[in-house]
Amino acid sequence: MPDLLLCTAVPPGLQAAHARLLTGAGLRLEEAGECTALLLADDGALLACGTRSGKVLRQIAVSPEAEGGGACAEVVSALLQDATAHGVPHPFLFTAPGKSGLFRSLGFTPLAQTPDMLMMEHGRGGLCRFLSGIAVGPERPVGCIVCHANPFTLGHWHLIAYAAARCAQVLVFVLSDTDSLFPPELRLRLVREGTADLPNVRAYPGGDYLISPATFPAYFLKDQARAPEAKCDLDLTLFGSAIAPALHITERFVGQEPTCAVTAQYNRRMQAILPAYGIHVTEIPRLSAISATTVRARLQEGDLAAVRALVPKTTYEACRSLFGAGAPCP
C-alpha cells in the first residue's frame, strides 16, 4: 500500500530520487515550497511528487510505473487539502499545454493558454468573482493601467492623468504581491488618494489575475532562455482574452522603461500581443528622473526632502509616517 508523506522539505534520503523523478518528467528542480507531497511504494521507491508554493501547485510528476494508477490524483488531492487548510481556496497550476486533459480530470479549469504555457485554476468561477467586484459604467472608451506603485509617484500620476484625458473611464490595477517595501493595501490606498482629483479613475487590487509575469513558474519549459518572454505572453493572453473583454477595456497605457530590461520586454510583448484582442497600447515617455526605484533609494538614504519632489503629498505623508523625518527605511 503506497504511503503518502507530506513535508516542508524533501528528506535528505529522498532528495536524489526526487530530483531524478522531476528530471525524468522533463521538469526542473526549484526551491522548496510550503508543502511537498511524496507518494512512496512499499519498498520506499518514489512513485509521485508535487509541491505547493503559496497559491500555486507545481512540480507534479509521476514515475512511469505508477502512471494510470491514481498516483497523480492522490498527490494533487493531498496538496489541495493542504491549500484549503492554509486559506488558499482556489490554487493555480501552470503546466505545458499538453497536460490540460489530465488536470481537468482533477478539477482544474483552464484560464489562459499560449504555445508554451497553460494556466489553470482549481474549481470554477474564481475569475468571474474577481471581475464582478470591478465597477464599469456605460461610458466608452475604457482604459487600463497596471502598476506596482511601490510607492505611488508623480510619474504614476502623470501616466494616469494622460489616460484619464483620453478615456471616459480608467481602471488602475495595483499589483497585490507582498514582496515590496510598501504593503499592497497601502499602495492601493496611495493610488486612490493620489488620483482623487481625477473623477473618471478608479483603482482596484490586481488580486490573483493581474500579476507580474515574474511570479509565473516556468520549471516545465525545455528552453529556459525563453522563460521571460513566455511568462509575459501568458500574462498578456489572460488579460486580452478574459479580463479586458469582461471590463470593456480597449486601451492600455504604459510608461517607457529605459532602465529595467524585464519591464521593457514586457512593454514590447504588450505591443505585439494585445492589438490582436482589439486593445490599443499607448506607451508614453516617463517623467525625467522620477521613478519608484529612485524614491526607495532616497528613503534608504533617509532623504525625505528629495522624496518630497518625486511624489504626491499623500505619498510623502505616508513616507514620513512610516520612516520618520531623516530615518532610513529598513
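This text gives an overview of the structure that appears in the document.

Criteria and thresholds
Residues numbered from 1 in each chain as written. Predicted model: local features only at pLDDT ≥ 70, side-chain atom pairs only at ≥ 80, totals over all residues. Heavy atoms only, no water. Helix = DSSP H or I, 4+ residues; strand = E, 2+ residues; numbered from the N terminus. Rg over C-alpha atoms; globule rule 2.2 N^0.38 Å. Buried < 20%, exposed > 50% of the residue type's maximum accessible area, 1.4 Å probe, protein only. Contact = heavy atoms within 4.5 Å. Salt bridge = Lys/Arg side-chain N within 4 Å of Asp/Glu carboxyl O. Pairing = 2+ DSSP bridges. Axes fitted to C-alpha atoms, helices over the stretch in contact; angles between N-to-C directions. Parallel < 35°, antiparallel > 145°, perpendicular 65-115°, else oblique. Left-handed = near helix turned anticlockwise from the far one by under 90°. Expected span 1.5 Å × (residues − 1). Arc of directions from axis to C-beta. Core = buried A, V, L, I, M, F, W, Y, C linked by side-chain atoms within 4.5 Å.

1. Focus on the overall build of the protein chain
Then, in step 1: On a plain count of helices and strands, the protein chain comes out with 11 helices and 12 strands.
Then, in step 2: The C-alpha radius of gyration of the protein chain comes to 22 Å, within 12% of the 20 Å expected for a compact globule of 330 residues.
Then, in step 3: Projected onto the principal axes, the alpha-carbon positions of the protein chain cover approximately 65 × 45 × 35 Å.
Then, in step 4: Residue burial in the protein chain is summarised as follows: out of 330 residues, 51% are buried.
Then, in step 5: Here the contacts in the protein chain between residues at least 6 apart in sequence split such that 69% fall between residues at least 24 apart.

2. Regarding the pattern of salt bridges
Then, in step 1: Inspection of every chain in the model, using the stated rule, returns 8 salt bridges.
Then, in step 2: The salt bridge involving Asp 177 is made with Arg 187; its shortest N-O contact spans 3.9 Å. Of this pair, Asp 177 sits in the loop between β9 (169–174) and α6 (184–194) while Arg 187 is found in helix α6, placing the two residues 10 residues apart along the sequence.
Then, in step 3: The class of Asp 177 is partly exposed, set by a relative accessible area of 26%.
Then, in step 4: Residue class for Arg 187 comes out buried when judged on its relative accessible area of 0%.
Then, in step 5: Arg 320 serves as the salt-bridge partner of Glu 317, at 3.7 Å between the closest nitrogen and oxygen. Taken as a pair, Glu 317 and Arg 320 lie in helix α11 (residues 313–323) at a separation of 3 residues, close to a single helical turn.

3. Thoughts on the sheet that holds strand β10 (residues 201–205)
Then, in step 1: Read from one edge to the other, the open sheet built from 5 strands follows the order β10-β9-β8-β11-β12, with strand pairing classed as parallel. Lying at the two open borders of the sheet, with one neighbouring strand each, are β10 and β12 (280–284). Between one strand axis and the next, the sheet turns through 25° on average, direction left out of account.
Then, in step 2: For strand β11 (residues 249–255) and β12, the ladder comprises 5 bridges, and the chain directions are parallel. Bridge pairing in β12 places Gly 255 opposite Ile 284.
Then, in step 3: In the packing of helix α5 (residues 154–164) onto the sheet, contacts are made with β8 (142–147), β9, β10, β11 and β12, and the angle to β11 comes to roughly 150°.
Then, in step 4: In this fold helix α7 (residues 227–247) packs onto β8, β9 and β11, with an angle of close to 130° to the strand it touches most, β11.

4. Structural notes on the packing of α7 against helix α8 (residues 261–273)
Then, in step 1: Packing of α7 against α8 brings their axes to within 10 Å, and their N-to-C directions diverge by 50°. Between α7 and α8, the angle falls in the class oblique. Two packed elements cross with a definite hand, and for α7 against α8 that hand is right-handed. Where α7 approaches α8, its residues Pro 228, Glu 229, Cys 232, Asp 233, Asp 235 and Leu 236 are matched on the opposing element by Gln 265, Tyr 266, Arg 269, Met 270 and Ile 273.

5. Digging into helix α1 (residues 12–24)
Then, in step 1: End to end, α1 covers 19 Å across 13 residues, agreeing with the expected 18 Å (1.5 Å per residue, within 8%).
Then, in step 2: When we look at burial in α1, the residues that qualify are Leu 14, Ala 17, His 18, Leu 21 and Leu 22. Looking straight down α1, one finds that the buried residues subtend no more than 140° of arc, so they occupy a single side. Those residues of α1 that are exposed and angled more than 90 degrees off the buried face are Pro 12, Arg 20, Thr 23 and Gly 24.
Then, in step 3: Contacts made by the buried residues of α1 are with β1 (3–7), β2 (35–40), β3 (46–53) and β4 (56–62).

6. Re the nonpolar core
Then, in step 1: Ranked by size, the top nonpolar core spans 53 residues in total, and within it Leu 127, Phe 173, Leu 238, Phe 239 and Ile 243 carry the most contacts.
Then, in step 2: Examining the composition of this core, we find that 11 residues originate from one element, α7, more than from any other.
Then, in step 3: Among all residues touching Ile 243, those that are not within four sequence positions of it are Leu 127, Leu 131, Tyr 209, Leu 210 and Leu 238.

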